[in-house]
Amino acid sequence: MWRLRRAALACEVCQSLVKHSSAIKGSLPLQKLHLVSRSIYHLHHPTLKLQRPQLGTSFQQFSSLTNLPLRKLRLSPMKYGYQPHRNFWPARLAARLLKLRYLILGSAVGGGYTAKKTFDQWKDMLPDLSDYKWIVPDIVWEIDEYIDFDKIRKALPNSEDLAKLAPDFDKIVESLTLLKDFFTTGHILVSEVIGASDLLLLLGSPGETAFRATEHGSESDKHYRKVTDKEKIDQLQEELLRTQLKYQRILERLEKENKELRKLVLQKDDKGIHHRKLKKSLIDMYSEVLDVLSDYDASYNTQDHLPRVVVVGDQSAGKTSVLEMIAQARIFPRGSGEMMTRSPVKVTLSEGPHHVALFKDSSREFDLTKEEDLAALRREIEIRMRKSVKEGCTVSPETISLNVKGPGLQRMVLVDLPGVINTVTSGMAPDTKETIFSISKAYMQNPNAIILCIQDGSVDAERSIVTDLVSQMDPHGRRTIFVLTKVDLAEKNVTSPSRIQQIIEGKLFPMKALGYFAVVTGKGNSSESIEAIREYEEEFFQNSKLLKTSMLKAHQVTTRNLSLAVSDCFWKMVRESVEQQADSFKATRFNLETEWKNNYPRLRELDRNELFEKAKNEILDEVISLSQVTPKHWEEILQQSLWERVSTHVIENIYLPAAQTMNSGTFNTTVDIKLKQWTDKQLPNKAVEVAWETLQEEFSRFMTEPKGKEHDDIFDKLKEAVKEESIKRHKWNDFAEDSLRVIQHNALEDRSISDKQQWDAAIYFMEEALQARLKDTENVIENMVGPDWKKRWLYWKNRTQEQCVHNETKNELEKMLKCNEEHPAYLASDEITTVRKNLESRGVEVDPSLIKDTWHQVYRRHFLKTALNHCNLCRRGFYYYQRHFVDSELECNDVVLFWRIQRMLAITANTLRQQLTNTEVRRLEKNVKEVLEDFAEDSQKKVKLLTGKRVQLAEDLKKVREIQEKLDAFIEALHQEK
């Protein structure tokens, strides 16, 4: 009886709880009851199941627990029946505590806190748009002058005021505990109705959105609970993936809109609509610093620790494709299985109104939106790569600098390196593998270089050798980003998906990394556009099991996420290291300036280019000074040089054969014939050679002549090289010989000596020539017979056996000449026999050829002495010459010959001087200018010719100053951007 009464009271409590929610009598659906009422285990409703209430749409897209099913609750059987209304104060107290207004108020406060937390999370995930603040019109930034935001903010209630409006949950829990104890004493099973923590969850406690399950249940309920947990996990994963993809699409849409807006604004700035000049972009300034550093230190030594993104990977691993996806254009040449990247390519990505590319040393812009410009750019890169590779090599360490601009590009500097190879194939240089390793190490050993390690996901990971190289350069993985390419092929071919997860997590390689990314670089079609590859990549990852099974996170996929991550890492490292490098170069500059002041205090700091310009001006001044040489000086030098060149031919081939004839008629005939032959064949050519050599000698004299205190020996090697190259290029006018031949022939035909002065000059010229020949002949005889008795006594010299034989032969031949001073030039056979027998009688064995050789020199000396005596006789022969030697025993035809030769030399020298001053000096000056221009463009030639400590010190000082100035400007712009 007592139990029935208590049960009736419990039913009355239930009726009082649901009285305000529905006016329908009878069996009511449990989902229409109040939230707290539905959690009570009603004894009179055995088939009721607890269902989760539908949340609002505004929270559904953010909550990760939207579609989670509730666990099945075990309800105790309970019968419905009519209970009379009784004035039971504990039930009324519970009804008042559980009134709807408190539940609504608590849910509002908790839901508001949850919404605020969700909003903060979304706000943190949105990209930083501070770089684009300048796009917004100035009126937006000045709006705070018209609206008092502080006043509005103070008028709004704060969190403490909102907390005061919320009920005191501690008192509610305490009251519910008393009520629970009261019902428990009456053996009513309502201890499982609600707990304090469950109530807090229902009232909107932050961070919790799930209901607690009951502690009692059957074995079938426990099995159902396990199945539900698995479904909950699957639903959570699906919802998380959907949310991430939705967020991705939102970001892409925002980025696209921002890209178009940015492009429009930049185009307006180009047209001058905003009437303000855009400053040079930050990344362009940084790229210029790297270019100067590359020129200053091509080996990337410790002075160059500025960050750059170094892209390394095995050959055909997809390095170039990743770079093109980041640059949003197919800019690199490609081939199937062939090594295409033969030298490092530095790509500077920056933002601009148009998608264009241009080289560092060229002003041509390639429009990346046009296929013909893309093809031309790829050809130009391939040509530059092949030009940089030296003969006998396959790859080159010379860097090609390329700037790519476009709206929406991430600002950074990337260096694409040749792919690492494992085996040298046919057609490659034997040292190709080692060269690629050394180039890669040179870039990666920079402690601030970001290593973008590219791994082909479609091949076995064990075949990769680049990971070992990267782990050597960065063993702790503090600046390495690992990228797995061709994930679509990897997922299709790999039987174990966990293997891809091991690669992404860095468990399969002995290397560590800051981050791991997976990308898709297209379907392998070289003509596929960047937009098509991006759509294919997004479609693949939306349907990929790698994301659905949580093997990959959403931020680890797509090249867009990779580009953002690399750019963030790049600029973080730039900000951390650039000021340190600027201080380092300031110290280097101070040291270089101190060294210069101590070693070269009175000299100006001229680098190699400035020194070359100074030397160029000096050389051109010296060439111009050739035109200031007097005509007399030119003719004297030319006449003397020409006679030295032709004197042997005149004496040996013309004068001596003619002089040995018996009469004057034969002499003149022989002379005319030989002069004509000489003029037609040899003389003009010899004259031009003499003129060209004279010009060279004068040019060399001006180039190498010391200038006193103004002379700088640092230019000597350059001047010598310019002189040799100019002379090598210079060629005398071909028509000069033809005109000179006519002039020389006419000069030699003339025999008319006009006055005594010319006659005496011819005799003097003849005497000098014959004396020179006589001196040469006596030297030959002295060498043949050995030292005379004076030298033997004074210098203790002895004759050799051969010299003794020559001496005996000479003495015998001189006796023959004394007997017959008119002896002809040649010995007869009987005379040779006589001489030989006379020598044999004195015990000297001689050969007939030795007698002939000795006779030639002995007779030559005798003839020359006779000719000199004849010259003395001809000094008074001008009178007989005027009478053509009629009725005179004196004949001076040899004097006339030497006058003809002397006049020919004078006329030839005058003609050559005119050609030199009017034509050849100017042509030589032109050649010198061309040589200097060629040397100016050849940096290696300048380094070779202008060397020394002074040049290198000035060169380093200039480079360090330039680097420091650019670094200071970059740091200032970096601070302004912050």
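Placed above this text is the structure.
Since the model is a prediction, treat every value here as computed from it, not as a measurement.

**Q** Mind showing me how you'd approach a nonpolar patch on the surface here?
**A** A cluster of nonpolar residues, Trp789, Trp793, Leu794 and Tyr795, forms a patch on the protein surface that exposes about 620 Å² of accessible area. Positionally, Tyr795 belongs in helix H28 (residues 789-795).

**Q** Help me out: how do you make sense of the nonpolar core in this one?
**A** Buried together is how nonpolar side chains tend to be arranged in soluble globular proteins. Residues Trp643, Tyr655, Trp678, Trp759, Ile901 and Val928 are the most contacted members of the largest nonpolar core, which totals 101 residues. The biggest single contributor to this core is helix H33 (residues 893-937), with 17 residues. Not counting residues up to four positions away in its chain, the partners in contact with Trp643 are Val650, Phe765, Ala769, Phe898, Ile901 and Leu905. The next biggest cluster of nonpolar side chains, apart from the first, holds 68 residues, and it includes Ile326, Leu374, Met412 and Ile963.

**Q** Looking at this structure, I do not really get the pairing of strand S5 (residues 400-405). What am I missing?
**A** Across a regular strand the side chains alternate sides, sitting on one face of the sheet and then on the other. A large share of S5 lies buried, amounting to 5 of its 6 residues. In terms of strand pairing, strand S2 (residues 345-350) meets S5 through 6 bridges, oriented parallel. Counted as the bridge partner of Lys346 is Ser401 from S5. Examined bridge by bridge, strand S3 (residues 356-359) and S5 share 4 bridges and lie antiparallel to one another. For Leu358, the partnering residue across the bridge sits in S5 and is Asn403.

**Q** Just to check I follow, could you spell out the sheet that holds S2 for this structure?
**A** The strands making up a sheet are joined through hydrogen bonds of the backbone, oriented either antiparallel or parallel. Reading across the sheet, the 9 strands line up as S4-S3-S5-S2-S6-S1-S7-S8-S9 and stay open at both edges, with mixed pairing between neighbours. The two strands at the open ends of the sheet, each matched to only one other strand, are strand S4 (366-367) and strand S9 (515-518). Here S2 runs beside strand S6 (residues 412-416); their pairing, made up of 5 bridges, is antiparallel. The residue bridging Lys346 from the neighbouring strand is Val415, located in S6.

**Q** Looking at this model, I keep getting lost on the state of the cysteines. Mind explaining?
**A** Each disulfide consists of a covalent bond between the sulfur atoms of two cysteine residues. Taken as a whole, this structure holds 1 disulfide when the rule is applied. The disulfide that involves Cys874 links it to Cys892, with 2.1 Å between the sulfurs. Disulfide Cys874-Cys892: torsion about the S-S bond near -100°, hence left-handed. Of this pair, Cys874 sits in helix H31 (residues 848-874) while Cys892 sits in the loop between helix H32 (878-882) and H33, placing them 18 residues apart in sequence. Like Cys874, the residue Cys892 is buried in the burial classification.

**Q** I tried to follow the environment of Glu737 on my own but got confused; where do I start?
**A** Mapped onto the elements, Glu737 comes out in helix H26 (residues 735-749). On the accessibility criterion, Glu737 (25% relative accessible area) is partly exposed.

**Q** Where do I start with the environment of Asp716 in this structure?
**A** On the secondary structure map, Asp716 appears in helix H25 (residues 716-729). For the pair Asp716 and Ala615, spaced 101 residues apart in sequence, the C-alpha separation works out to 9.4 Å.

**Q** How should the packing of helix H23 (residues 664-681) against H26 be read in this particular structure?
**A** Taken N-terminus to C-terminus, the directions of H23 and H26 make an angle of 165°; their axes are 9 Å apart at the nearest point. Viewed along their axes, H23 and H26 adopt a mutual orientation that is roughly antiparallel. For the pair H23 and H26, the crossing hand works out as right-handed. Facing H23, whose interface residues are Leu675, Lys676, Thr679 and Asp680, H26 presents Arg741, Gln744, His745 and Leu748.

**Q** Which parts of the structure should I look at to understand the packing of aromatic side chains?
**A** Any two aromatic rings considered together are summarised by their centre-to-centre distance and by the angle between their planes. Scanning the entire structure with this criterion turns up 18 aromatic pairs. The interplanar angle of 85° and the centroid separation of 5.5 Å between the aromatic rings of Tyr286 and Phe570 together place this pair among those described as edge-to-face. Here the residue Tyr286 occupies a position in helix H11 (residues 282-296), and Phe570 occupies one in helix H20 (residues 559-599), the gap between them amounting to 284 residues. A relative accessible area of 0% means that Tyr286 is categorised as buried. Measuring from ring centre to ring centre gives 5.1 Å for Phe540 and Phe541, while their planes differ by 70°; the resulting arrangement is edge-to-face.

About the thresholds
- Residues numbered from 1 in each chain as written.
- Predicted model: local features only at pLDDT ≥ 70, side-chain atom pairs only at ≥ 80, totals over all residues.
- Heavy atoms only, no water.
- Patch = residues over 30% accessible without salt bridge, like charges linked within 9 Å, V, L, I, M, F, W, Y side chains within 5 Å.
- Areas by Shrake-Rupley, 256 points an atom, 1.4 Å probe, with all protein chains shown as cover.
- Salt bridge = Lys/Arg side-chain N within 4 Å of Asp/Glu carboxyl O.
- Helix = DSSP H or I, 4+ residues; strand = E, 2+ residues; numbered from the N terminus.
- Core = buried A, V, L, I, M, F, W, Y, C linked by side-chain atoms within 4.5 Å.
- Buried < 20%, exposed > 50% of the residue type's maximum accessible area, 1.4 Å probe, protein only.
- Contact = heavy atoms within 4.5 Å.
- Pairing = 2+ DSSP bridges.
- Disulfide = S-S within 2.5 Å.
- Axes fitted to C-alpha atoms, helices over the stretch in contact; angles between N-to-C directions.
- Parallel < 35°, antiparallel > 145°, perpendicular 65-115°, else oblique.
- Left-handed = near helix turned anticlockwise from the far one by under 90°.
- Phe/Tyr/Trp six-rings, centres within 6.5 Å; stacked < 30°, edge-to-face > 60°.

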